[in-house]
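# Remarks on the overall topology
Below are the chains, spelled out letter by letter.
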Amino acid sequence: MNGGEALVATLISHGLDTGFCVPGESYLAVLEALRRERGRFRLITNRHESGATFAAEAYGKLTAKPGLAFVTRGPGATNASIGIHAAAQDSTPMVLFVGQVPRAHRGLEAFQEIDCHTMFGNLAKAVVEPGAADEISATTSLALGLAVSGRPGPVVVVLPEDLTEGDAGAPRIVPAVEREAIEPAAEAVAEACRLVTASRYPVVISGELVAAHSAHRSLEEFVGATGAGVVTSFRRQDTFANSHPAYLGHFGLGRASYQRRAWAECDLVIAAGSRLDSVTCENFTLFHEDQKLIHIYVDDNVVGRHRQADVALNADVGLVLDALAVGLAGSCTDDRLAWCEKFHRAYQEFAATGPPTIGAVDLASVVHTVSERLDGDHVIANDAGNFAGWVHRCFEFRQPHSQTGPGSGAMGAGVPAAIGAQLARPEATVVAFVGDGGFQMTGAEIATALAEDLPIKIIVCDNGAYGTILMHQRRQVGEEYAVRIGGPNFAALAHAHGAAAWSVNKTEDFSAAFDAALAHPGPTLIHVKTDVRDISVFGSNGC
């Protein structure tokens, strides 16, 4: 058995059966081992390494298993790095395998040589490398375990070419080790119960680890026991049913006026599995002085990073919420329920509308149509860009694990993420919302979807500009520069790839196009032409 075969045998022994790649000569032995195991392991060939890691990130996010990607050294590794950054900021389990130059060539500036330890050291959760061919199985097992342990994240495995091709003997394939649950300290739970009991209007910020630890039901039971309100952190709207009477909306890019009123009255914040990122926390200005904070997070490097917690619970979010629900059973008050009901109605009114539309296409209506049609298993993959504000505002997320969007704000994630989502959830309807800028970065991955017969539905929102930057320029200097990009006829481009496609130039044409896309058995694209003057879901000036 060579090193490449040992690696693949380890992946299969861990129950992993899907990976993404751009093939490279630096890991031919791994590719050959994957070819021999193609009946048990599905390898997707992407069109760009960023597509491979974005797809792996979405797969890992939706399955809680490590998303796997394989790339070559140098150009492959640098192209793949954007997905590593996205996985790190979103606490997504992922393992990136990077083919490396032979050990004898290291340090000589060999062809495509790159120091992965230096490059990925501050991006990934860990960078590991076997010292011999017979260590590859153990190193792979270590990486897979690290990716899901504690706070999940991306791990990079460096694979010198001579080791993957070298004789690994008959290595012991290191089996998977079940992730260790981290129990909360009883004293901290008791103090948290005291703060919740003393609070008038507690609000939960539901974050990424609610999804990673599948703690959705635990959160619902905590809310039922206490009557707390819930907001979801940036692009984590699927962590709590938006239809629940305690749901107060999404803390994304911008705040609705009703949210500011609710937040002013909130006296206790329970950050449940949220790292309290800068978008959720409005560039770290969110908290006011008289609010108490209970922070639940498995990584003590995150707790207290920018706001000292009154109670820190370094444990699995589900276990903490379960313990709190038991300790606080019956603490729900009519006052809290009425308060949540009032602001939930305000959320519903906000979500039901959009700002006045200047152009012929109302994105609020487009998103409402998609939300209404997706009544079965579904996933929304949204790219980065101002168009996503309409998804955040108008789509009702009703199911756990039904959203994948880059918390890092990485453009180009949408289409490859839809591919990863479709492989993670083969029976789900997967819809990607992407801007014209993001699509022009990784839209070629529609060819991957066609080659793999993955029926993703892509909605391209095209205003001919890098809209987010245009909005900021208008607000800050009153002028715009370097943001108009134009683009192709996206429907014609999809047709050229062999996908079914439609063009929508006015609101009333979208419904029929989307119904046709849903009925089509393969990948589809709807080109929605929007007006650049409709620049923000908060109004034409973006405020």
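Read on for an overview of the structure. (Residues numbered from 1 in each chain as written. Predicted model: local features only at pLDDT ≥ 70, side-chain atom pairs only at ≥ 80, totals over all residues. Heavy atoms only, no water.)

Helix and strand counts for the protein stand at 21 helices and 18 strands. In terms of overall size, the protein behaves like a compact globule, its C-alpha atoms giving a radius of gyration of 24 Å where 543 residues would be expected to give roughly 24 Å. Expressed as lengths along the three principal axes of its C-alpha atoms, the size of the protein is roughly 70 × 60 × 45 Å. For the protein, buried positions account for 61% of its 543 residues. (Helix = DSSP H or I, 4+ residues; strand = E, 2+ residues; numbered from the N terminus. Rg over C-alpha atoms; globule rule 2.2 N^0.38 Å. Buried < 20%, exposed > 50% of the residue type's maximum accessible area, 1.4 Å probe, protein only.)

Here the focus is the environment of Asp 299. Within the secondary structure layout, Asp 299 lies in the loop between strand 11 (292-296) and strand 12 (311-313). Remark: the alpha-carbon pair of Asp 299 and Ile 136, spanning 163 residues in sequence, is separated by 28 Å. If we skip the residues at most four places from it in the chain, Asp 299 touches Arg 151 and Asn 314. A distance of 2.8 Å separates a polar atom in the side chain of Asp 299 from the backbone nitrogen of Asn 301. (Contact = heavy atoms within 4.5 Å. Polar contact = N/O pair within 3.5 Å; in protein donor to acceptor, adjacent residues only side chain to side chain.)

Attention shifts here to the sheet that holds strand 4 (residues 94-100). Spatial strand order, 2-1-3-4-6-5: six strands in an open sheet with parallel pairing. The two strands at the open ends of the sheet, each matched to only one other strand, are strand 2 (42-45) and strand 5 (126-128). Mean inter-strand twist for the sheet, computed between neighbouring axes without regard to direction, equals 20°. In this structure, strand 4 lies alongside strand 6 (residues 154-160), joined through seven bridges in parallel fashion. For Val 95, the partnering residue across the bridge sits in strand 6 and is Val 155. On the sheet, helix 3 (residues 49-63) packs against strand 1 (18-21), strand 3 (67-71) and strand 4 and is oriented at approximately 165° with respect to strand 3. (Pairing = 2+ DSSP bridges. Axes fitted to C-alpha atoms, helices over the stretch in contact; angles between N-to-C directions.)

Burial in helix 10 (residues 216-226) covers these residues: His 216, Ser 218, Leu 219, Phe 222, Val 223, Ala 225 and Thr 226. Directly after helix 10, the chain includes Gly 227, whose backbone phi takes a positive value near 75°.

Positionally, Gly 405 belongs in the loop between strand 14 (403-404) and helix 16 (414-424). For Gly 405, a relative accessible area of 4% translates into the label buried. C-alpha separation for the pair Gly 405 and Phe 234, spaced 171 residues apart in sequence, amounts to 9.2 Å. Residue contacts for Gly 405: discarding those within four places in its chain leaves Lys 61, Asp 90, Arg 235 and Asn 382.

Our next topic: the environment of Gly 153. Its place among the elements puts Gly 153 in the loop between helix 6 (136-148) and strand 6. Gly 153 gets classed as buried once you look at its relative accessible area, which sits at 2%. In sequence terms Gly 153 and Pro 66 are 87 residues apart; their C-alpha atoms lie 8.7 Å from each other. Setting aside its immediate chain neighbours within four residues, Gly 153 contacts Ser 91, Thr 92, Pro 93, Met 94, Lys 125 and Ala 147.

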